[in-house]
Each structure stands twice: as C-alpha cells, then as structure tokens.
Amino acid sequence: MTSYIIKRLLGTIPVLLVATLIVFMMLQLTPGDPVLLLAGERATPERIERITADWGLDQPAYMQYFSFLGRIVQGDFGISITRNRPVMDLVKMSLPITLELSLAALFISMIIGIPAGIISAVRHGSIVDQAALFGSLLGVSIPSFWFGILLMLAFAVRMQILPTSGYGTLAQVVLPAIALGTAGAALISRVMRSSMLEVMQQDYIRTARAKGLSERIVIYKHGLRNALLPVITIMGLSLGWLIAGSVALEMVFARPGMGQLLVRGILMRDYPVVQGMLIILVLCVIIANLVADILIAMANPRIKFD
Amino acid sequence: MAINDSFWQIFSRRKSAYIGLFIIVAYVVIALFAPWIAPHDYRAQDRTSIMEAPSAEYPLGTDRVGRCLLSRIIYGARISLTVGLVAVGIGASIGLIIGSISGYMGGWVDRVVMGLVDIVWSFPTMLLAIALTAILQPGLHSVIIALGLVTWPEYARIIRSQFLAVKQKEFVEAARSVGASDFRIIRKHLLPNSIAPIIVVATLGMATAVLVEATFSYLGLGAQPPQPSWGSILSMGKDFIYHQPLMSIAPGVAIMIMVLGFNLLGDAIRDVMDPRLKK
C-alpha cells in the first residue's frame, strides 16, 4: 500500500513539472518584457531592478525556470500588480471560497447522481430510466454558468429568497453549488448506472438471489457496495472538474475565489496573480484525483499494490 | 468498424440520432443564411430603442446600445459553429498525425507520445485552456487554438489503438507484400478503419467546444465586442438581469439546444458502433 502511494505520488511529478513549465512560459511567450509583465508597466526603476534580481531575469531561460521553481516551492508567487499584495496572501483568502463551492457542488452532484444512477439501473429500460438518461444528457448540455444565471433569475431576482452574490453564508453558496453540481450529477449518475448494471449481472448476485435473499438486500447489500467503487474514482475526477468549473460560477455569483482572481488577472494583465492561481488550482485538482485513487485502492482488495 | 450499410441501417432506427441531426442541420442553415434570416444587422445600433421589450420590430427586444437581440443570437450561431469546427479540426489533425506516427512506429516513439498524452490528460481541460488563452491573449483565436491543443490526445489515443489492432491483420500484410509504401498503407488501409470512432469523438467534441467557447466568451476571454457570441450576450445580459431578463435566457437556450444536438448525435453514433453499450 505504502509503495503504491509513493508510486502514485511520483507519478504526479511530471504533471507538476509541465504545469509549472507552461506557467513559466507564459512570461516568455507573452509579447512584452517579462520584467514589466511581473512588475507592472508603471513600476519604478528600483522595483524593476529588484524583480529582475529576485526572479533571476538577467540569467538564461533555463536558470530562470529553476529559480521560478525554487520560489514557488516556497510559496512565493510574487506580488500582485493590481492589488499590490503578495499573491500568496490572495491565495490564502480565496482558496477556502473556491473549495467551499467545489465541495458543496460535489455534495449536490452525489445526492442527485448516486440515487438517480441506482434507480436507473434497478428499473433498467423503464420510463424512470429513460427520464434519468435524458436528464443526464440535459445536465451535460447546459452550460453551468448559464444554469447559474437562470437560478439567480428565478430565486434571487424574481422570488428574492436567496442572495444574488457574495460568500460566507450557506444561503450564498446554494445557487452556485446547485448550478455547478447538476453537471457533476449527470456524470456521476451515468457512471453509477453502468456500474450497477454491470455488477447486477455478476455471478455473486445470482448466488445471492438463488439463496432466496430479498431483492432489496440483493440490490443494496450485494450490488450497491460493489457498484460504488467506480463512483469513488469518478468523484475524485468530478471534484477536479468542479474546482476548474467553479471559475465561471465565481464570476456569475461574484464570489471572490481563485477563479475570479484568475480571470480578472488575465483581463488586467496581472501575471503574478495568473501564475499563482493557475498553479494552486492545478495542484488542487491533482490532489483531488490522487486522494480518489488512494481511496479506491484501499477500498478494493483486488488491486495489487506492488 | 468502418461506416457501411449496417451502420446506416442501425443508425436510421434511432430517433435520437434524427433529432440531433435535425438540430445541427437547422443551426447550420441559420448560420449560413443569417443575413437573410435576421431582421437586422447584428451591429446596427438603434439609438431610439435602447433596452426595449420585445416588439414586432425587435422580436426579442434590444440591448444596451439598441441592437436587435434576435439578430445577434442568429449571427451567434456562426461563431459557435466556426469555433467548434476549427477547434475540432485542429485537435483531430494533431491527434491524427501524432497518433498515426505513434501507432505505426511503436517502440520508444510510442512510449514518449503516450507519456505526453497521459500528462495532457491529467490536466483539468478547462484550466489548461485558460492558461493557453492567457498566453495567447483573450480572443476567439485563442479559444480555438487552446481547444485544439487540449483535445488532441483523445484522437491520438483512438487512432493509435486502431493502428495497433489493425496492424496485424492480413490485408495489411498483403498490401506490404505487394510493395505498398508505409505512407500508402496508412492512408489506404489504416485510416479508413479508424474513421468511425474519430467521428464519435469529433461530434461530442463539437458539443464541448461550443460549451467552452460560450463560457470563455462569457468570462471575457473569448469573443470581443462587437462579436455576437452567445456567451458575450449573456455577459451583457447579466448586468441587466433586472430590466431585460430575456437577454439572460435566450442565448442560453440557443447554446443548450446546439450542445444537446451534438450530444444526441454523438451518443447515437457511439451506441451503434459499440453494441456492448446498447443493452
């Protein structure tokens, strides 16, 4: 088990290297002087000099990359041009806001997706199954940011029972979480359905039925337990996907999370912020997938760890 | 499995395939004939009717600068379809070339390419596309290139596995024994066998591309004014959500139906080709 975790951890290194390389290349490939991109166009000569020295910008590109790596490992992403504060401070403020939305959306997608998938599989081919399948097709076809706008229109503008924006209270996370979670629910219900269908055809289910167990016990005790395994993997993937998807919903609902900082950073050419947010967001997604992989390895005795 | 008579036979029995196909054809017609269908020019600003409610002159009302909302949505179909087609074209071409080389050469080339595929795949698509857009500067061209660079591994992986499966078959041996060149074998014998799964991924990829374009344009990273992208219209609509709710609804309906069309068609073709999933 330990060796599996170590192997899996080592496997994330190339991904992290490529991620940091892309973010590093951002400065090299963007038209303009990298120093000015980092310091801002109205930077004083002293600041330009300091940033050149700090980031090693007077050295060859590969040395710049290593000093860039060295800095981000220490959590130093530089100073935001537009906000004039260390990017790491912004990360600390915005990360919980993004995680709150992503986890709430994951919760929503599970409480909709798992039961929908089970019912769909148990009543395979029925009207309920057809409706659930169409629902999940609709779920992946609706842009989640627009679903958010619709929810806002209905519950905040018309009925005025939930707030349109902000963060901090439960009421403020409900609408964006539903908007984001619906697409996740579509994905999870599909996986749950096909996994459940597959499990229900296994020999041990036939044995359980032959023993004379009630259909309820066969489905929930023998079927569901085994069918849930692939859903754990897809939950990790979903969480990664939801973290990335929260970018648009943070803009819709004016939540000052990492996605909002990232998009505003791109539009205002605040490169230190863009770099910092991208790296932390990618890191979050990688960790989510890693945790899911480890969970599934622990839950499934058939996986060999060596 | 190549596209053949039995494919069309099964395909023609599926209602959802027809619905999907109908939706897409309808959008293509709207996009092609936009100047004749739209009641107004999408850029025309009518200073005397700003933020107006629907009327005979402006069936869906007007926006902040007095432009016809319906006309802008009709022209918006052009942007969605163009971005989707070009992005899928770029992604499929890169994937086709890299996957072919990888599958045909095998050995260390194959291992390097598949390692790259794995790395690109471990990235969250949305974040990678945002990063590329930040490098290329916001604009539709960036969204197109970013989508192409993010989606190629899927095509590469399919084409490669098809190559590996077909490589051992007798008709390829036969072609080689009569002196066909490598390039000819790829073009004449291997590619036709890989076309069908590529069509599935490309159709579903169109759905993704339309969604991503709308999202990016909403965020201001895609289409720039005055381009009438559905995402951009929604972005302006949100500022006037209290006064002009139609501007927040109509473009989204257009996106949803188009994406649904591509998803219905893609799912139908996949089910036809993979009888295992049909049960």
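Residues numbered from 1 in each chain as written. Chains lettered and ligands numbered in written order. Predicted model: local features only at pLDDT ≥ 70, side-chain atom pairs only at ≥ 80, totals over all residues. Heavy atoms only, no water.

**Some thoughts on the overall build of chain B**
Piece 1. Regarding its fold elements, chain B presents 11 helices and zero strands.
Piece 2. If you list the helices and strands of chain B from N to C, you get α-α-α-α-α-α-α-α-α-α-α.
Piece 3. Along the first, second and third principal axes, the C-alpha set of chain B runs to 75 × 45 × 35 Å.
Piece 4. When each of the 279 residues of chain B is scored for burial, the buried share is 54%.
Piece 5. Considering only contacts in chain B between residues 6 or more positions apart, those separated by 24 or more positions represent 72%.
Piece 6. Summed over all atoms, the accessible surface of chain B reaches about 12500 Å², with 65% contributed by carbon and sulfur.
Piece 7. Averaging the locations of the 23 positively and 17 negatively charged side chains of chain B gives two centres separated by 5 Å. (Helix = DSSP H or I, 4+ residues; strand = E, 2+ residues; numbered from the N terminus. Buried < 20%, exposed > 50% of the residue type's maximum accessible area, 1.4 Å probe, protein only. Contact = heavy atoms within 4.5 Å. Areas by Shrake-Rupley, 256 points an atom, 1.4 Å probe, with all protein chains shown as cover. Lys, Arg positive; Asp, Glu negative; His and termini not counted. Charge placed at Lys NZ, Arg CZ, Asp CG, Glu CD.)

**Section: the domain arrangement of chain A**
Residues and elements named next belong to chain A.
Piece 1. For chain A, the assigned domains read domain 1 (2–73) and domain 2 (87–305).
Piece 2. The distance between the C-alpha centroids of domain 1 and domain 2 comes to 32 Å.
Piece 3. Taken residue by residue, the interface counts 20 residues in domain 1 and 16 residues in domain 2.
Piece 4. Both faces combined, the contact of domain 1 with domain 2 buries some 1600 Å², and carbon together with sulfur accounts for 75% of it.
Piece 5. Remark: the boundary between domain 1 and domain 2 carries one salt bridge.
Piece 6. Across the pair R8 and D293 runs a salt bridge whose closest N-O atoms are separated by 2.6 Å.
Piece 7. Our enumeration of links across domain 1 and domain 2 arrives at two residue pairs in polar contact (both at pLDDT 80 or more).
Piece 8. Those elements that place two or more of their residues in the side of domain 1 that touches domain 2 are α1 (2–29), α2 (34–39) and α4 (61–73).
Piece 9. In terms of residues, the side of domain 1 that touches domain 2 owes the most to one element, α1, which gives 14 residues.
Piece 10. A class-by-class count of the residues in the side of domain 1 that touches domain 2 yields 15 nonpolar, four polar and one charged. (Domains from an automatic or database assignment. Buried area = accessible area lost by both parts, 1.4 Å probe. Salt bridge = Lys/Arg side-chain N within 4 Å of Asp/Glu carboxyl O. Polar contact = N/O pair within 3.5 Å; in protein donor to acceptor, adjacent residues only side chain to side chain. Nonpolar A, V, L, I, M, F, W, Y, C, P; charged D, E, K, R; others polar.)

**Comments concerning the environment of L60(B)**
All names here are of chain B.
Piece 1. Within the secondary structure, L60 is located in the loop between α3 (34–37) and α4 (69–105).
Piece 2. Taking C-alpha positions, L60 is 7.2 Å from L246, a pair spaced 186 residues apart along the chain.
Piece 3. Once you skip the residues sitting within four places of it in the chain, L60 turns out to touch P54, L69, L70, I73, L246 and A250.

**Details of the interface of chain B and chain A**
Piece 1. If you look at the interface, chain B gives 37 residues, while chain A gives 43 residues.
Piece 2. For the pair chain B and chain A, the summed buried surface comes to about 3700 Å²; carbon and sulfur atoms form 80% of the total.
Piece 3. When the shortest N-O distance is used, the salt bridge between D267(B) and R190(A) registers 3.6 Å.
Piece 4. Inspection of the region where chain B meets chain A yields five residue pairs in polar contact (both at pLDDT 80 or more).
Piece 5. Looking at the side of chain B that touches chain A, the elements with two or more residues in it are α5 (107–122), α6 (125–136), α9 (182–219), α10 (230–239) and α11 (246–273) of chain B.
Piece 6. For the side of chain B that touches chain A, the element with the most residues is α11(B), which contributes 11 residues.

**Topic: the packing of helix α2 (residues 15–32) of chain B against α4(B)**
Residues and elements named next belong to chain B.
Piece 1. Direction vectors running N to C along α2 and α4 enclose 110°, while the axes themselves pass 8 Å from each other. With respect to each other, α2 and α4 are oriented roughly perpendicular. By crossing handedness, the relation of α2 to α4 is classed as left-handed. Counting all contacts with α2, which are made through Y27, V28, I30, A31 and L32, the residues of α4 involved are I74, A77, R78 and L81.
Piece 2. A per-class count over the contact of α2 with α4 returns eight nonpolar, no polar and one charged. (Axes fitted to C-alpha atoms, helices over the stretch in contact; angles between N-to-C directions. Parallel < 35°, antiparallel > 145°, perpendicular 65-115°, else oblique. Left-handed = near helix turned anticlockwise from the far one by under 90°.)

**What about a nonpolar patch on the surface?**
Residue and element names in this part refer to chain B.
Piece 1. Judged by side-chain polarity, L21, V25, V28, V29, L32, F33, W36 and I37 come together as a nonpolar surface patch covering roughly 760 Å² of accessible area.
Piece 2. Secondary-structure elements contributing two or more residues to the nonpolar patch are α2 and α3.
Piece 3. It is α2 that contributes the most residues to the nonpolar patch, five residues altogether.
Piece 4. The residue V28 is located in helix α2 in this model. (Patch = residues over 30% accessible without salt bridge, like charges linked within 9 Å, V, L, I, M, F, W, Y side chains within 5 Å.)

**Things to note about helix α8 (residues 170–199) of chain A**
Piece 1. The end-to-end C-alpha distance of α8(A) is 38 Å, clearly below the 44 Å that 30 residues give at a rise of 1.5 Å each.
Piece 2. α8(A) sits mainly inside the fold: 21 of its 30 residues count as buried. (Expected span 1.5 Å × (residues − 1).)

**Quick notes on the packing of aromatic side chains**
Piece 1. Tallied over the full model, the rule gives seven aromatic pairs over all chains.
Piece 2. Seen in terms of ring centroids, Y42(B) and Y75(B) are 4.7 Å apart; in terms of plane orientation they differ by 45°. Their pairing is tilted. One end of the pair, Y42(B), is in the loop between α3 and α4; the other, Y75(B), is in helix α4, and 33 residues separate them in sequence. Considered together, Y42(B) and Y75(B) belong to a single accessibility category, that of buried residues.
Piece 3. An aromatic cluster is built from F24(A), Y65(A), F66(A) and F68(A), whose rings are joined through pairwise contacts. (Phe/Tyr/Trp six-rings, centres within 6.5 Å; stacked < 30°, edge-to-face > 60°.)

**Description of the pattern of salt bridges**
Oppositely charged side chains can form a pair if their charged atoms are brought close together.
Piece 1. For the coordinates displayed, the defined rule picks out 14 salt bridges over all chains.
Piece 2. Between E215(A) and R209(A) there is a salt bridge whose closest N-O contact spans 2.7 Å.
Piece 3. On the basis of relative accessible area, E215(A) is assigned to the partly exposed category, the value being 39%.
Piece 4. Overlapping salt bridges, with partners in common, bring together R190(A), D267(B) and R270(B) in one network.

**What about unusual backbone geometry?**
Note on backbone geometry: most residues besides glycine have negative phi, and most peptide bonds are trans.
Piece 1. Cis geometry is adopted by the peptide bond preceding P226(B), which originates at P225(B) and carries an omega value of 5°.
Piece 2. Looking at where P226(B) falls in the secondary structure, it is placed in the loop between α9 and α10.
Piece 3. A positive phi angle is found at Q160(A), which is not glycine, with a value near 55°.
Piece 4. One can find Q160(A) in the loop between α7 (144–158) and α8.
Piece 5. Classification of Q160(A) by relative accessible area gives exposed; the value is 57%.
Piece 6. Located in the positive-phi region is Q137(B), a residue other than glycine, with phi close to 75°.
Piece 7. Here Q137(B) is to be found in the loop between α6 and α7 (140–167).

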